[in-house]
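# Analysis of the macromolecular model
The primary structure of each chain is shown beneath.
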Amino acid sequence: EAGVAQSPRYKIIEKRQSVAFWCNPISGHATLYWYQQILGQGPKLLIQFQNNGVVDDSQLPKDRFSAERLKGVDSTLKIQPAKLEDSAVYLCASSFMLGGGPYNEQFFGPGTRLTVL
Amino acid sequence: TQLLEQSPQFLSIQEGENLTVYCNSSSVFSSLQWYRQEPGEGPVLLVTVVTGGEVKKLKRLTFQFGDARKDSSLHITAAQTGDTGLYLCAGVMNTGFQKLVFGTGTRLLVSP
């Protein structure tokens, strides 16, 4: 079974530029998550999709971040414009279904490391 | 705001030593998961504990969920170099949908 795919793996941009990340979840997984992991910290949930609908975006800085999952499969996360403090690893994860009880497992991709100069 | 505090933040030990990592919160979680993350990769689930007081063993790793479901510990016996990595606890909040709140992380380095 193929894992969660993310691209690009690395991105360096200057502040105020725009950037987009792409995620392809595990086939058949209905739920998709985007996390931000700042160096030295644990991941922080940015947004959670169930199929193509948003179920939680309470921690997404909506003035500059946006995400979509148009066909309920792939997803893109965009930052426009980027700030220095956006430097982090952006992780995408997927799980078979929303909820699914306490043993519902999230599978993570390798992440995109973003550096904002 | 991180709801889960892990200690220690960093641990450097020799192969064969034992260690314990702690994960503490003032919040109650429906369950708690432990992940290990290696450089350049995403976190990988190690275990899920659900019941207060539950103890689970995974080879040399022992996980315990506190009676009040607010804290957890991970004990590694006879550490090996392959145990090196970032260990993350994650509290599961059931707010209509399952939401993970990750801890601050413990970076473990096991030297030969």
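Throughout, a residue's number is its position along its own chain's written sequence, starting from 1. Chain letters start at A and ligand numbers start at 1, both assigned in the order the entries are written. Given that the model is predicted, a residue must reach a pLDDT of at least 70 before its local features are reported, and side-chain atom pairs must reach 80 or more before they are shown or counted; all residues, however, enter totals for whole chains, interfaces and linings. Side-chain numbers come from the whole structure's heavy atoms, not from hydrogens or water.

To continue, consider the pairing of strand β10 (residues 98-102) of chain B. All names here are of chain B. Under the scheme applied here, a residue whose accessible area is under 20% of the maximum for its type counts as buried, over 50% as exposed, and between as partly exposed, the area being computed with a 1.4 Å probe on protein chains only. The helix count covers DSSP runs of H or I at least four residues long, the strand count covers runs of E at least two residues long, and both are numbered beginning at the N terminus. Within β10, five of the five residues are buried, which leaves the element mostly enclosed by the surrounding structure. Judged by which residues are buried, β10 turns out to be covered on both faces: Q98, L100 and F102 on one side and K99 and V101 on the other are all buried. Relative to β10, strand β9 (residues 85-94) is paired through five bridges, and the arrangement is antiparallel. Residue pairing across strands places A90 opposite F102, the latter belonging to β10. Only when DSSP finds a minimum of two bridges between them are two strands counted as paired.

Once that is clear, we can look at the nonpolar core. Residues L19, L32, W34, F63, L74, I76 and L108 of chain B are the most contacted members of the largest nonpolar core, which totals 22 residues. For this core, the secondary-structure elements that each account for two or more residues are β3 (19-25), β4 (31-37), β5 (44-49), β7 (61-65), β8 (71-76), β9 and β11 (106-111) of chain B. Look past the residues within four positions of L32 of chain B in its chain and what remains in contact with it is C23, V47, T48, V49, F65, S72, C89, A90 and G91 of chain B. Counting 21 residues, the second largest nonpolar core, distinct from the first, contains V4, I47, A88 and C92 of chain A. Grouping buried Ala, Val, Leu, Ile, Met, Phe, Trp, Tyr and Cys residues that are joined through side-chain atoms within 4.5 Å yields what is termed a nonpolar core. Contact between two residues is taken to exist if any of their heavy atoms lie within 4.5 Å; hydrogens are not considered.

To continue, consider the sheet that holds strand β3 (residues 19-24) of chain A. All names here are of chain A. In space, the four strands of this open sheet follow the order β1-β3-β8-β7, with antiparallel pairing throughout. The strands lining the two open edges of the sheet, one partner per strand, are β1 (5-7) and β7 (65-68). Adjacent strand axes in the sheet meet at a mean angle of 15° when their direction is disregarded. As judged from the four bridges shared by β7 and strand β8 (residues 75-79), these two strands associate in the antiparallel manner. In the strand pairing of β8, A67 is matched with L77. Angles shown run from 0 to 180 degrees and are taken between the N-to-C directions of axes, each axis being a line fitted to C-alpha atoms and, for helices, limited to the stretch in contact.

Before going further, it helps to spend a moment on the state of the cysteines. Note that a disulfide, as used here, is simply two cysteine sulfur atoms within 2.5 Å. In total, this model carries two disulfides over all chains according to the counting rule given. One disulfide bridge connects C23 of chain A with C92 of chain A, the sulfur atoms lying 1.9 Å from each other. One quick way to see it: the torsion about the S-S bond of C23 of chain A and C92 of chain A is about -70°, and its sign makes the bridge left-handed. Pair noted here: C23 of chain A is in strand β3 and C92 of chain A is in strand β9 (residues 88-95), with a separation of 69 residues, a long-range link. Across the pair, C92 of chain A and C23 of chain A agree in class, each one buried. Disulfide pairing is shown between C23 of chain B and C89 of chain B; the S-S distance is 2.1 Å. As the torsion about the S-S bond is roughly 80°, the C23 of chain B-C89 of chain B disulfide counts as right-handed. Pair noted here: C23 of chain B is in strand β3 and C89 of chain B is in strand β9, with a separation of 66 residues, a long-range link. C89 of chain B shares its class with C23 of chain B; the two are buried.

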